[in-house]
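Single-letter residue listing:
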Amino acid sequence: MVKICCIGAGYVGGPTMAVIALKCPAVEVVVVDISVARITAWNSEQLPIYEPGLDDVVKQCRGRNLFFSTDIEKHIARADIIFVSVNTPTKTRGLGAGKAADLTYWENAARMIADVAKGDKIVVEKSTVPVKTAEAIEKILIHNSRGVNFQILSNPEFLAEGTAIQDLFSPDRVLIGGRETPEGKKAVQALKQVYANWVPEDRIITTNLWSAELSKLAANAFLAQRISSVNAISALCEATGADVAEVAYAIGKDTRIGPRFLSASVGFGGSCFQKDILNLVYICECHGLPEVANYWKDVIKINDYQKSRFVNRVVSSMFNTVSEKKIAVLGFAFKKDTGDTRETPAIDVCKGLLGDKAKVCVYDPQVTEEQIQRDLALNKFDWDHPLHLQPMGATEVKPVAVTRDAYEATKGAHAVCILTEWDEFKKLDYVRIYEGMQKPAFIFDGRNVVDAQQLREIGFIVYSIGKPL
Ligand code: NAD
Ligand code: UGA
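Here the residue numbers are simple positions, counted from 1 along each chain's written sequence. Think of it this way: whatever chain is written first is A, whatever ligand is written first is 1, and the rest follow in order. Selection of residues for local features in this predicted model requires a pLDDT of at least 70, selection of side-chain atom pairs for listing and counting requires 80 or more, and totals for whole chains, interfaces and linings are taken over all residues. Side-chain metrics in this entry use all non-hydrogen atoms of the structure; hydrogen atoms and water are not considered.

(A) How the structure looks around the site of ligand 2. One heavy atom within 4 Å of a molecule or strand is enough for the residue carrying it to be called near that molecule or strand. The immediate surroundings of ligand 2 are formed by 20 residues, with Phe-158, Leu-159, Ser-265, Cys-272 and Arg-447 found nearest. Polar contacts, as used here, are pairs of N or O atoms within 3.5 Å; protein pairs need one atom able to donate a hydrogen and one able to accept it. Residues neighboring in sequence count only if both atoms are side-chain atoms. Separating an oxygen atom of ligand 2 from a backbone N or O atom of Leu-159 is a distance of 2.7 Å. Here an oxygen atom of ligand 2 sits 2.6 Å away from a polar atom, N or O, in the side chain of Arg-447. Values of accessible area rely on a 1.4 Å probe in the Shrake-Rupley scheme; residue burial ignores everything except the protein chains shown. Against a free-state accessible area of 700 Å², the protein chains account for coverage of 89% of ligand 2. By the criteria applied, helices consist of DSSP H or I runs no shorter than four residues and strands consist of E runs no shorter than two, each listed in order from the N terminus. When residues of the shell around ligand 2 are assigned to their parent elements, the largest contribution, four residues, is made by helix α9 (residues 209–240). In the scheme used here, Gly and all other residues not listed as nonpolar or charged are polar, with Ala, Val, Leu, Ile, Met, Phe, Trp, Tyr, Cys and Pro taken as nonpolar and Asp, Glu, Lys and Arg as charged. In the shell around ligand 2, the residues fall into eleven nonpolar, four polar and five charged.

Here it is in structure tokens:
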């Protein structure tokens, strides 16, 4: 029986390994983590992450050929293939702070592998890493091992949260990069065989190590660039009377452009787009390519502009002040169907409104109050450095109010800001909401999910992204 160990039981490690276990009954998969709380949750009825379809997959194989454990050393020692899926956050201090990837967690994992491995291992980079990381990992492993052979593969993950299970069941492609030596090719084949249990062969791409590492950064940069492009056009739409949805539809009909990933929004969030582009920018700067670095940096600048443009629109529409006005924020997750708030635009929007002294009241169907308060209290990039995180103290002042009900959040409010495209926000009783609000009642739809015309008929003043007023 092939034995797989995955270091890192997060948003990638958990779902990815659960699907491998489901699709490969002859493979034993153990997911390990330094976080006891996370492993306990993976072994409980309440999984640590909310992802449609995940509970079902985990229930089918947990205890059969899928296990979650904190005994990292034991399972590394037993495994043939070790995936490393630890966090690779943006550095917050030292060389490259604010841009470069912090590989501390990765390096610790590699040192642990070198320490405990007694037989040959295939080590797979699942985390998103800077191009050439495999070379550094190889050095750590080779210089610390005792006669064990390691093959390093790059197998970046392309799943998106909210659709992770679907993406893993039917990926557009699986990418495997390896050394072009006989041993490297053998390792690539071994990993290919795992995926071939359910992924058609023509969707499994093999490349050299550096192409695989760079393709992951490039894919995220291209995806984010599409959103910044449509968001930049949304600003021009608002200035001219064009409608960004009509423009996106018209340009997306060109098969060379395509229709997906052209929804204008309050800005992209999520743990990876910004982090990976900053990482790409840093690599370009280190290679003496400032023009290329600046090109990608602008994707982030437009995203920041879109978030601050939204806040400015709220404040300027409400007679240039939101001081002491209650503002309901509907949606805090960075996209629908996830409870993940990493780099969510809601953080910047709430901070902007709080900066103007608004009284913000948040409702999100999946995000806990503790998470929201913590996100608003943290410094930029600190969220992905577990060592910086302190539990919320009981005496700390809570920056916002949080409710478990959209109607309670909007009651007595001057404005509603929709910041996540949860389906339930389309079905709310807006007549009831209007009646409970201060007048004039404003709706700022940062995701273009509500029918602005219908809401105007109720009496709301509605602002949508990139649409005529
Ligand atoms: P995460 O923070 O949810 O999970 C990482 C886990 O690794 C944490 O539970 C942490 O405790 C654990 N960990 C850290 N150091 C460890 C060590 N030395 N030993 C054992 N466990 C350790 O992160 P994530 O969202 O799963 O992302 C992981 C990687 O995958 C990142 O590089 C990210 O860029 C990439 N990625 C993420 C997504 C996504 O949708 N979240 C998609 C594709 C790629
Ligand atoms: C993204 C990529 O889509 C995945 O392929 C990649 O594996 C992953 O990053 C990663 O490396 O972490 P994810 O961040 O989970 O996945 O979610 P997306 O669906 O890409 O959405 C990212 C952000 O862009 C969200 O805030 C979303 O609301 C926003 N978005 C997306 C838009 O504003 N407009 C769009 O048209 C699409």
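The discussion continues.
(B) Molecular detail of the site of ligand 1. In the vicinity of ligand 1 lie 25 residues, with Asp-33, Arg-38, Thr-88, Glu-161 and Lys-275 positioned nearest. Between an oxygen atom of ligand 1 and a main-chain N or O atom of Thr-128, the distance comes to 2.9 Å. Expressed as a share of its isolated accessible area of 830 Å², the protein-covered part of ligand 1 is 92%. Here the shell around ligand 1 is built from residues that sort into ten nonpolar, eight polar and seven charged.

(C) Expanded view of the UniProt feature "active site" (unreviewed entry) in the protein chain. UniProt positions are given in the numbering used here, feature names are shortened, and annotations may be inferred rather than shown by experiment. Feature annotation in UniProt places "active site" (unreviewed entry) on Cys-272, given in this structure's numbering. Here Cys-272 lies in the loop between α10 (244–252) and α11 (273–286). Among residues more than four places away in sequence, those in contact with Cys-272 are Asn-220 and Ile-277. We call two residues contacting when some pair of their heavy atoms lies within 4.5 Å.

(D) A look at the pattern of salt bridges. Only one rule defines a salt bridge in this text: a Lys or Arg side-chain nitrogen within 4 Å of an Asp or Glu carboxyl oxygen. Going through the model one piece at a time under the given rule, you end up with 25 salt bridges. Note that Lys-275 and Asp-276 form a salt bridge whose closest N and O atoms lie 2.9 Å from each other. With a relative accessible area of 9%, Lys-275 lands in the buried category. Summary of the burial criterion: residues with accessible area below 20% of their type's maximum are buried, those above 50% are exposed, and those between are partly exposed, where the area comes from a 1.4 Å probe applied to protein chains only. On the accessibility criterion, Asp-276 (0% relative accessible area) is buried. The partner of Lys-307 in a salt bridge is Asp-348, and the shortest N-O contact between them spans 2.7 Å. Residue Lys-307 is found in helix α12 (residues 290–317), and its partner Asp-348 is found in helix α13 (residues 345–355); the two are separated by 41 residues along the sequence. Assessed through its relative accessible area of 31%, Asp-348 is described here as partly exposed. Residues joined by salt bridges that share partners form a network here, namely Lys-99, Glu-285 and Lys-297.

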